[in-house]
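# Understanding the architecture of this molecule
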Amino acid sequence: MKTVISILLIFFGVFILFSCDHGPIGIFHSLEVETDLEDNDSLENTISVGDMIRSTNDYYIAAGSVFTREVSSGSEWSKVPAPSGTDIVYENSTEIAYAFSKVFAVFSNAAGDTSTLFELKGEAWQEVSALKGKRCDVLVYTADSTGNNESLFISVRVSGAYSLYYTLDGTTFTSVPSLTLSRPVTDGAWVSDEYWLLSGNTILQGSDLTSISEGSVKPDTTADFGGIHYSSNLSVPFISSDDGFVYIYTEDDQWINNTTANEDGFYDFTELLIDGKTVILVGSENGYKEMVFADSPGDTVTLLEPGVSRDSLSSNINYINTTLSINIIRNFFIDRNDDVYRIFACTSGDGLWINIPSGTTRVWGRE
Amino acid sequence: MRRSGSSLLFLLVLLLLLPVMVFSQQDPENGEEEDIVTPMYSLGDQMFFINGGIMVPLFFQSLTGEVKKTNLSIGGAGSLAWSAFLNNKLFLGAELGGMFAVSPLKRVLIQIPITARIGYMFHRYPFDFPLLFGTGIIFTKLQEELYVGPVFKPGFSFYWNITNEWALGLNCIYWWVPQIYTKDLKNSSRFGNFLEISFSGLFHF
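Procedures and definitions
Residues numbered from 1 in each chain as written. Chains lettered and ligands numbered in written order. Predicted model: local features only at pLDDT ≥ 70, side-chain atom pairs only at ≥ 80, totals over all residues. Helix = DSSP H or I, 4+ residues; strand = E, 2+ residues; numbered from the N terminus. Buried ≥ 20, exposed ≤ 12 C-beta atoms within 10 Å, placed from the backbone. Contact = placed C-beta atoms within 7 Å. Core = buried A, V, L, I, M, F, W, Y, C linked by C-beta atoms within 7 Å. Nonpolar A, V, L, I, M, F, W, Y, C, P; charged D, E, K, R; others polar. pLDDT = per-residue confidence, 0-100. Pairing = 2+ DSSP bridges.

Our focus in this paragraph is the overall build of chain B. Helix and strand counts for chain B come out as one helix and eleven strands. What you see in chain B, going N to C, is helices and strands ordered as α-β-β-β-β-β-β-β-β-β-β-β. Counting all 205 residues of chain B, 29% fall into the buried class. When contacts within chain B are restricted to residue pairs at least 6 apart in sequence, those whose partners lie at least 24 apart make up 53%.

Attention now moves to unusual backbone geometry. Backbone torsion omega between Tyr125 of chain B and Pro126 of chain B reads 10°, so that peptide bond is classified as cis. Note that Pro126 of chain B resides in the loop between strand S7 (108-124) and strand S8 (127-142). The phi torsion at Asn318 of chain A lies on the positive side, around 60°, for a residue other than glycine. Looking at where Asn318 of chain A falls in the secondary structure, it is placed in the loop between strand S23 (288-293) and strand S24 (329-337). Judged by the 26 C-beta atoms lying within 10 Å of it, Asn318 of chain A falls in the buried class. Positioned with a positive phi, Lys106 of chain B is a non-glycine residue whose angle comes to about 65°.

Residues and elements named next belong to chain A. Here Asp335 is to be found in strand S24. For the pair Asp335 and Ile53, spaced 282 residues apart in the sequence, the C-alpha separation amounts to 9.1 Å. Leave out the neighbours within four places in its chain, and Asp335 touches Arg54 and Arg342.

Attention now goes to the nonpolar core. In terms of nonpolar packing, the biggest core is built from 92 residues, with Met52, Ile61, Ile96, Phe104, Ala105, Leu139 and Phe344 of chain A touching the most fellow members. Residues within four places of Ile96 of chain A in sequence aside, it is in contact with Asp51, Ile53, Tyr60, Ile61, Ala62, Val66, Phe104, Ala105 and Leu139 of chain A. Met99, Tyr147, Trp175 and Phe194 of chain B belong to the second largest nonpolar core, which has 19 residues in total.

This part takes up the interface of chain B and chain A. Taken together, the 26 residues of chain B in the interface contact 20 residues of chain A. Taken together, the elements giving at least two residues each to the side of chain B that touches chain A come down to S8, strand S9 (145-161) and strand S11 (190-204) of chain B. Considering each element in turn, the side of chain B that touches chain A owes the most residues, five residues, to S9 of chain B. Tallied by class, residues from the side of chain B that touches chain A come to twelve nonpolar, ten polar and four charged.

Our next topic: the environment of Val56 of chain B. All names here are of chain B. Its place among the elements puts Val56 in strand S3 (residues 46-62). Put simply, Val56 and Leu195 are 139 residues apart on the chain and 5.0 Å apart in space, counted from C-alpha to C-alpha. Not counting residues up to four positions away in its chain, the partners in contact with Val56 are Ile74, Phe194, Leu195 and Ile197.

The subject of this paragraph is the confidence of the model for chain B. Per-residue pLDDT for chain B averages 84, and the proportion of residues at 70 or more is 81%. Across residues 1-28 of chain B, where pLDDT falls below 50, the model places 13 contacts with residues more than four positions away in sequence or in other chains.

Residues and elements named next belong to chain A. With respect to burial, strand S13 (residues 187-191) is a largely interior element, five of its five residues being buried. Covered by surrounding structure in S13 are Asp187, Ala189 and Val191 together with Gly188 and Trp190, the residues of both alternating faces. Looking at chain direction, S13 and strand S14 (residues 194-199) are connected through five bridges and run antiparallel. Residue pairing across strands places Gly188 opposite Leu197, the latter belonging to S14. Counted between consecutive antiparallel strands, the loop separating S13 from S14 contains two residues, among which Ser192 sits at a positive phi close to 45°.

All names here are of chain A. Sheet topology note: the strand S7 (residues 115-121)/strand S8 (residues 124-127) ladder contains four bridges and is antiparallel. Within S8, the position partnered with Leu120 by the bridge is Trp125. Here S7 folds back onto S8 in antiparallel fashion, the turn holding two residues, of which Gly122 has a positive phi close to 70°.

What follows is the structure in C-alpha cells.
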C-alpha cells in the first residue's frame, strides 16, 4: 500500500513540478480566447507605424510613407504620394498630426539629413513655409478634453539640440523663446489649464507658451518619460517612464505608481470607457498593459495583462496569442464613432492593429 | 432504393442475432436449449492495439463551472496499446497516444498521453465490447508552452474478430484533461474535454 501511495505521490509531484513554469496564460485558456484573425490585407503587416490621426472622413498613418483609408469599415489603405517637386526623394515619415482641420507630416530624405514639415492640401503635400529649411523632428498635438485649446508643437533640431516651435492656428508658427532642449518634445497634454510637455526626463509646464519651462511637479525618477495622458474621466494626468513605471498625479497632489517595475519600458497612453469603468492602456516594448478604474485612483497603480487577467476589459480575444503581445507599441490612436471605440495600436515592425467590440468582449485584428 | 434499404436492415438484424445464435446451442441429450459459454481468454493472453481516427475537441470548463468553446478544429488521434488478460473479461495494460488539433490562428495543439488502463470485455462471438478506463500523464504542447498533467480516459470499443488473431473495431474514448494552475495563473485553470473516435486493429497473442 505504501508503495502505491509513493508512486502516486511521485506521479502527481512530477506533473505539478512540470506545470510550474508557464507563460502569462494557461494553454487551454489561451485557446479559449482565440478567433480568426481579421486582416484588412491592404496594409503590410511588417511596417512600423509612427503615429496615426483622423481627419473628418479619413484615417492617416505615418509609416515611412503616409497611408490613408476612409473611416468606414472595410475601406482599403492606399499610399499618399510623397512630396514632389524637389530633387530629394522623400520617403521616411514617422510623424503625422491633425490640428486645426489640417493634416501635417514630417518627411525626411533617405540620408536623414533633411526633415521638413508639410501640410496636405487636397492630395498634394505643401511645405510649411514658416519652417522652411529647418530640420523638423517630432510633432506633438495637444487639446483639452472637448477638443478646444488646440496646439501643435514641432521640435526643431539645431546643432545637436532642439528648439520648440508651436502654432495655435495652423498657420503661424512661433518659437518658444529662450528654450533649448537636449531632447525633442515627444508627447504632451493639456493638464488643468496648463501645457505639460515631455522632453527626456523633463516636463515642461506652463499656461503661457511664451514662457513655458521645466516644471516643479514631476515624478521622482531619472528615467526618460515615455508618454503622458490627461484622463478626462478621472481628471488626473498619467505619465509613463522607460524603466517600467506608470505615475499618476492624484487630486491630492501626490504621485502614485506601480510598486514593482514592469520588465519593459512604457510609451503612449489611450483611454476608453467600458461598462462604466475608465480603462487606460499604456503601450510598452512588449505589447501593452491595462489599468481599470471604477473610481478615482487609489494608493497604487495596478497594471493588468490584457486578455489574461479576469479584470482586464480592453481585449479578451487575439491579444495574448498574437504577435501584438510581444511587439513594441509606441502609440495608440482611439476613434469614437457612434459610441463605438476603435483602438489602433501603432507597432514597430508588426503593422497596425485595430481593436473593436465583438459581442460582449473586444477583439484585436490587423489592418 | 427501398429494396436495398430492406436488405440492409435484414443484414443488420442478422448480424445482431448472430452472436445469440452462436452462443445458443441445443443440448442433444435432453433436448433443452441452454447457453454454453466458452471462455475466450484466460490469464496471460495478450492484445496489441493500433488505433487511428479523429479527435473532436468538445469544450473547456473553468473551475467555476463556466463552459467555453475550444475554438479548435477537429483533429487527429492515434495510439498504440498493449493489454494482458487477468481472466476471461478483465484486462490491464498501457497506452501511448497522441492527438493534434489546430486553432484559428493556425497554432497546433499537441497532446501525448501515457496511460495505464483497465478494461472489462463483454463477448458476443465474433464480437467483443470492451469498456475501458485509462489514467496517466499527458504532455500538452502549444507553441512554446508545455504543460504536464493528469489525464483520464473512459470509453468503450466494439470489435469484430475476423480471425483468431485479428479483430477490427471502433473506439469511442473521452479525454478529460485537467490543467490546474496556481498563484497568478489560477484563473487560467481549465478542464479540457475531448472525444476520440478511432478505428482500431487488435492483435491477439
